[in-house]
Amino acid sequence: MRFVSVLVLLLTSFICVADYKPQDGDIIFQSSQSRQSLAVQQATNSPYSHMGIIFIKNGKPYVFEAANKVVYTPFEKWINRGKNRKYIIKRLKDHPLSQQEISHLKQVAHSFENKPYDIWFGWDDTYIYCSELVWKIYDRALALKIGQLQRIKDFNLSAPAVKQKLKERYGNNIPYQERVISPVAMFNSPLLITVDKHW
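Here the structure is a predicted model, which is why all the values come from computation and not from measurement.

What counts, and where the lines are drawn
Residues numbered from 1 in each chain as written. Predicted model: local features only at pLDDT ≥ 70, side-chain atom pairs only at ≥ 80, totals over all residues. Heavy atoms only, no water. Patch = residues over 30% accessible without salt bridge, like charges linked within 9 Å, V, L, I, M, F, W, Y side chains within 5 Å. Areas by Shrake-Rupley, 256 points an atom, 1.4 Å probe, with all protein chains shown as cover. Salt bridge = Lys/Arg side-chain N within 4 Å of Asp/Glu carboxyl O. Helix = DSSP H or I, 4+ residues; strand = E, 2+ residues; numbered from the N terminus. Buried < 20%, exposed > 50% of the residue type's maximum accessible area, 1.4 Å probe, protein only. Core = buried A, V, L, I, M, F, W, Y, C linked by side-chain atoms within 4.5 Å. Contact = heavy atoms within 4.5 Å. Pairing = 2+ DSSP bridges. Phe/Tyr/Trp six-rings, centres within 6.5 Å; stacked < 30°, edge-to-face > 60°. Lys NZ or Arg CZ within 6 Å of the ring centre and 35° of its normal. Axes fitted to C-alpha atoms, helices over the stretch in contact; angles between N-to-C directions.

Trainee: So what about a nonpolar patch on the surface? Which residues, and what values?
Mentor: Together, I119, W120 and Y127 make up a nonpolar patch on the protein surface, roughly 260 Å² of accessible area in all. Along the polypeptide, W120 turns up in the loop between α4 (99–112) and α5 (130–142). Looking at W120, the relative accessible area reads 39%, which means it is partly exposed.

Here is the structure:
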């Protein structure tokens, strides 16, 4: 019986991956292997420490992401960079994007291209971090707020890796009231539904 259950699970996972076709506006999550990944995971009590938005360019899928700077990364390359190649992809629930909406998303995305990564997690547009990028694209293009904004003080700041990063970035001047959007807050948004999972 257990063997049958495992077999069904494996087949279901295979079917899910095989059937998935990347679409403009899909949102992809992973556990990155960056130096700050553990701190993000501990602060948010979540395995998701990096994310991006998928756009199709010249017929091929890319992940638009805030890495060292905001860039388009080929889909497979982005997946290969994640921990154990695990990822989950979500899409707007009951809201197929029109061509006009996709165009708006891409226009807003273009305004962020090549901006440097924000290690301080500030809310202005001078520097941009991964979840901030995706949140602002959807908010400004379609007036959709995917995920609940929080303050730095709302996170688990007592975890060892988090305390170390806070000390490195802010010294003794931690901006506890700074607005922040985390990957897991977007992941948990009721506006989204999972369309592919390799986790």
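Trainee: Mind laying out the nonpolar core, listing which residues take part and the relevant values?
Mentor: Ranked by internal contacts, the top residues of the largest apolar core, which has 45 residues, are I27, F64, L133, I137, Y138 and M186. Broken down by secondary-structure element, the contributors of at least two residues to this core are β1 (27–30), β2 (50–57), β3 (60–66), β5 (87–92), α4, α5, α6 (160–170) and α7 (183–187). Here this core gets eight residues from one element, more than from any other, and that element is α5. If near-sequence neighbours (up to four positions away) are discounted, I137 is found in contact with I53, F64, L105, V108, A109, F112 and L142. Of all hydrophobic cores here, the second largest spans nine residues; its members include I28, F75, I79 and Y87.

Trainee: Please provide a residue-by-residue account of the pattern of salt bridges, values included.
Mentor: Per the counting criterion, the structure on display carries 10 salt bridges. E168 is the salt-bridge partner of K165, the closest N and O atoms lying 3.3 Å from each other. Of this pair, K165 and E168 both sit in helix α6, three residues apart, roughly one helical turn. The class of K165 is buried, set by a relative accessible area of 18%. Three or more residues joined by partner-sharing salt bridges are found here, namely D125, E132, K136 and R140.

Trainee: Can you tell me about the pairing of β1, naming the residues and giving the values?
Mentor: Side-chain alternation along β1 places I27 and F29 on one buried face and I28 and Q30 on a second face that is also buried. Alignment of β1 against β2, held across four bridges, turns out to be antiparallel. Bridge assignment links I27 to a residue of β2, and that residue is I53. In this structure, β1 lies alongside β5, joined through three bridges in antiparallel fashion. The residue of β5 that forms the bridge with I28 is I89.

Trainee: Can you tell me about the packing of aromatic side chains, naming the residues and giving the values?
Mentor: Tallying each qualifying case throughout the model produces 11 aromatic pairs. Between the aromatic rings of F75 and Y87, the centroid separation amounts to 6.4 Å while the plane-to-plane angle is 75 degrees, which identifies the pairing as edge-to-face. Pair noted here: F75 is in helix α3 (residues 75–81) and Y87 is in strand β5, with a separation of 12 residues, a long-range link. One exposure class covers both F75 and Y87, and it is buried. In this arrangement the basic side chain of K57 is found over the ring face of Y62, its NZ or CZ atom lying 5.7 Å from the centre.

Trainee: Describe in detail the sheet that holds β5, supporting the description with residues and values.
Mentor: If you walk across this open sheet you meet the six strands as β4-β3-β2-β1-β5-β8, and the pairing is antiparallel. The open sheet has two edge strands, β4 (70–74) and β8 (192–198), and neither has a second partner. Across the sheet, the axes of successive neighbouring strands diverge by a mean angle of 30 degrees, strand direction being ignored. As paired strands, β3 and β4 are joined by five bridges and run antiparallel to one another. Bridge assignment links E65 to a residue of β4, and that residue is V71. Sitting on the sheet, α4 is in contact with β2, β3 and β4, with an inclination near 120 degrees to β2. In this fold α5 packs onto β1, β2, β3, β4 and β5, with an angle of close to 50 degrees to the strand it touches most, β2.

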